[in-house]
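Chain and residue survey
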Amino acid sequence: MAEMSVEFIGLILSLAIVLSLLLMPITSSLAQKVGAIDIPKLRSVHTTPKPRMGGLAISLSFVIICLIFFPLNTFFIAFLTGLIAIVITGAVDDIMEISPSWKFLGQFISAILFVYLSDMHVEHIGNILSIGDIQLGKASMIFTIFLLVGIINALNFADGLDSLAGGISVIALAFLGYFAWSVNHDWLVIIAISLMGAIIGFLRHNSYPTRVFMGDSGSMMLGYVLGVMLVSLNHTAPQLPLSALAMVIALPLFDTLSVMAGRIFSRSNPFLSDRRHLHHRLIDIGLSHPAVVSVIYLAMFAFGLLAIMLQ
């Protein structure tokens, strides 16, 4: 692996951006041919049908860059296997709109594949209750799988406005990449930079007003990668507390948990879409689409700074 210099990071970022830009028109055309079109619904902010599955361009760009610069080791094979499973699940949903139960099955399969093949899991969650470091013991693998599925869904639910899921993922990756760099985990830095570049290339087509959506093939993949980075950092760098790492993605996690709790309290299906999410509520009080995205970006950045303070 080349030395992790500024020039090397810039090369990875530039190649990922260019590759994503080149693949976007191809995947957009493919989405229209296979019927992966987002028709406006009651909860939708857009009013005209638009192609989805733009996440396929992000995923392909990301994987190609990783294959070029990443060593083919046990971790990468486990990471790539889970990634393929979650992208296939998302792409099928983009085309056929499968039920939440089938989506959950795909999410659990991808999480189980990564945890089983990599043997990486969260073994302790820190001193969050002021009673000492909480060790998970035999429950660590189950906890890690559910944590990954939770993060996948958090990013999936966050994909409700133009450039929202992509933008908050770039911010989260920047902070997680910083944590990886601080403990000399170059392979995680490569993952962060590669995906940031792939997302930036996609955002050229997804900024308000959008021309194409990332779809579940993108949003669930983003959640998977963020979850893997969090688990990998916690597993290999015990000096990084889980509370600090989780703070980076606290906003979408809290939003997801609060929305699902509200649905359960109102005796509705916790997995069916509605307009309870933070971005919907901000629009409903009168903020413009770009203003809502900017507010959430700033909040994500603030949570990232808080994560560094917790570290």
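In this report, we go over the structure that sits alongside the text. Per chain, the residues get numbers from 1 upward, laid out in the order the sequence is written. Given that this is a predicted model, residues contribute local features only at a pLDDT of at least 70 and side-chain atom pairs are listed and counted only at 80 or more, while totals for whole chains, interfaces and linings are drawn from all residues. Each side-chain value is derived from all of the structure's non-hydrogen atoms; neither hydrogens nor water enter the calculation.

1. Structural notes on the overall build of the chain
Helix and strand definitions here come from DSSP, where helices need a minimum of 4 consecutive H or I residues and strands a minimum of 2 consecutive E residues; each element is numbered from the N-terminal end. For the chain, the helix and strand inventory stands at 12 helices and two strands. Each helix and strand of the chain, ordered N terminal to C terminal, gives the series α-β-β-α-α-α-α-α-α-α-α-α-α-α. For the radius of gyration, the atoms used are the C-alpha atoms, and the globule rule reads 2.2 Å times the number of residues raised to 0.38. Computed over its C-alpha atoms, the radius of gyration of the chain comes to 18 Å, within 12% of the 19 Å expected for a compact globule of 311 residues. By its C-alpha atoms, the chain is 50 × 45 × 35 Å across when sized along the principal axes. Think of it in three bands: residues with accessible area under 20% of the maximum for their type are buried, residues over 50% are exposed, and the middle band is partly exposed, with areas taken using a 1.4 Å probe on protein chains only. For the chain, buried positions account for 55% of its 311 residues.

2. Comments concerning the pattern of salt bridges
Salt bridge criterion: a side-chain nitrogen from Lys or Arg within 4 Å of a carboxyl oxygen from Asp or Glu. Inspection of every chain in the model, using the stated rule, returns three salt bridges. The salt bridge involving aspartate 93 is made with lysine 103; its shortest N-O contact spans 3.8 Å. With aspartate 93 in helix α3 (residues 74-96) and lysine 103 in helix α4 (residues 100-118), the pair connects residues that are 10 residues apart, well separated along the chain. Across the pair aspartate 216 and lysine 103 runs a salt bridge whose closest N-O atoms are separated by 2.8 Å. Of this pair, aspartate 216 sits in helix α8 (residues 216-236) while lysine 103 is found in helix α4, placing the two residues 113 residues apart along the sequence. Residues aspartate 216 and lysine 103 agree in their burial class; the two are buried. By sharing partners, the salt bridges in this structure join Asp93, Lys103 and Asp216 into a single network.

3. Here's the deal with unusual backbone geometry
Its identity as a non-glycine residue notwithstanding, aspartate 119 has a phi of 60 degrees, on the positive side. Mapped onto the fold, aspartate 119 is located in the loop between α4 and α5 (140-158). Even without glycine at this site, asparagine 184 takes up a positive phi of about 60 degrees. Position of asparagine 184 relative to the elements: it lies in the loop between α6 (164-182) and α7 (186-206).

4. Comments concerning α4
Helix span, expected: 1.5 Å multiplied by one less than the number of residues in the helix. Between its first and last C-alpha, α4 extends 27 Å over 19 residues, near the 27 Å set by a 1.5 Å rise per residue. By the burial criterion, the buried members of α4 are Lys103, Phe104, Gly106, Gln107, Ser110, Ala111, Phe114, Val115 and Ser118. Angular distribution of buried residues about the axis of α4 spans 165 degrees; they occupy a single face of the element. Among the exposed residues of α4, those pointing more than 90 degrees away from its buried face are Ser101, Trp102 and Tyr116. By arc we mean the arc of the directions from the helix axis to the C-beta atoms, nothing more.

5. Focus: empty space enclosed by the protein
Buriedness of a pocket was judged along seven lines, with at least five required to meet protein on both sides within 12 Å; pockets are open sets of points on a 1 Å grid over the protein atoms alone, cavities are sets where a 1.4 Å probe fits but cannot get out, and lining residues have an atom within 4 Å of a point. Grid points are joined across faces, edges and corners, and a volume is the space filled by probe spheres set on the points. Following the criterion strictly, the structure yields one cavity of 30 Å³ or more and no others. Each pocket or cavity is described by its volume, and for the largest cavity that value is around 80 Å³. The wall of the largest cavity is formed by Ala158, Leu164, Ile168, Leu251, Pro252, Asp255, Leu278, His279 and Ile296. Broken down by secondary-structure element, the contributors of at least two residues to the lining of the largest cavity are α6, α10 (250-265) and α11 (278-284). With three residues, α10 is the largest single contributor of residues to the lining of the largest cavity. Any residue that is not Ala, Val, Leu, Ile, Met, Phe, Trp, Tyr, Cys, Pro, Asp, Glu, Lys or Arg is counted as polar, Gly included; the first ten are nonpolar and the last four charged. For the lining of the largest cavity, a count of residues per class yields seven nonpolar, one polar and one charged.

6. Digging into the packing of aromatic side chains
The pairing test for Phe, Tyr and Trp rings, Trp by its six-membered ring, is centres within 6.5 Å, and the orientation test on the planes gives stacked under 30 degrees, edge-to-face over 60, and tilted for anything in between. The final tally for this structure, using the stated rule, is 14 aromatic pairs. Residues phenylalanine 70 and phenylalanine 76 carry aromatic rings whose centres are separated by 4.9 Å and whose planes lie at 25 degrees to one another, so their mutual orientation is stacked. For the pair shown, phenylalanine 70 and phenylalanine 76 are each scored as buried. Both rings, one in tyrosine 178 and one in tryptophan 181, keep their centres 6.2 Å apart while their planes meet at 35 degrees; by these two values the pair is tilted. Placement of the pair is tyrosine 178 and tryptophan 181 together in helix α6, with a separation of three residues, close to one helical turn.

7. A word on the packing of α4 against α5
Under this scheme, a helix contributes an axis fitted over its contacting stretch, all axes are lines through C-alpha atoms, and angles between N-to-C directions fall in the 0 to 180 degree range. Remark: α4 packs on α5, axes separated minimally by 9 Å, with the N-to-C direction vectors making an angle of 130 degrees. With respect to their mutual orientation, α4 and α5 come out oblique. Where α4 crosses over α5, the handedness of that crossing is right-handed. Here Lys103, Phe104, Gln107, Phe108, Ser110, Ala111, Ile112, Phe114 and Val115 of α4 come into contact with α5, specifically with Met141, Thr144, Ile145, Phe146, Leu148, Val149, Ile152, Asn153 and Asn156. Here the residues of the contact of α4 with α5 sort into 12 nonpolar, five polar and one charged. Here is the rule for angles: anything less than 35 degrees is roughly parallel, anything more than 145 is roughly antiparallel, 65 through 115 is roughly perpendicular, and the remaining ranges are oblique. By definition, turning the near helix anticlockwise from the far helix through less than a right angle yields a left-handed crossing, and turning it clockwise yields a right-handed one. In this analysis, two residues are considered to be in contact whenever any of their non-hydrogen atoms come within 4.5 Å of each other.

Read these as layout, nothing more, since geometry by itself doesn't imply function.
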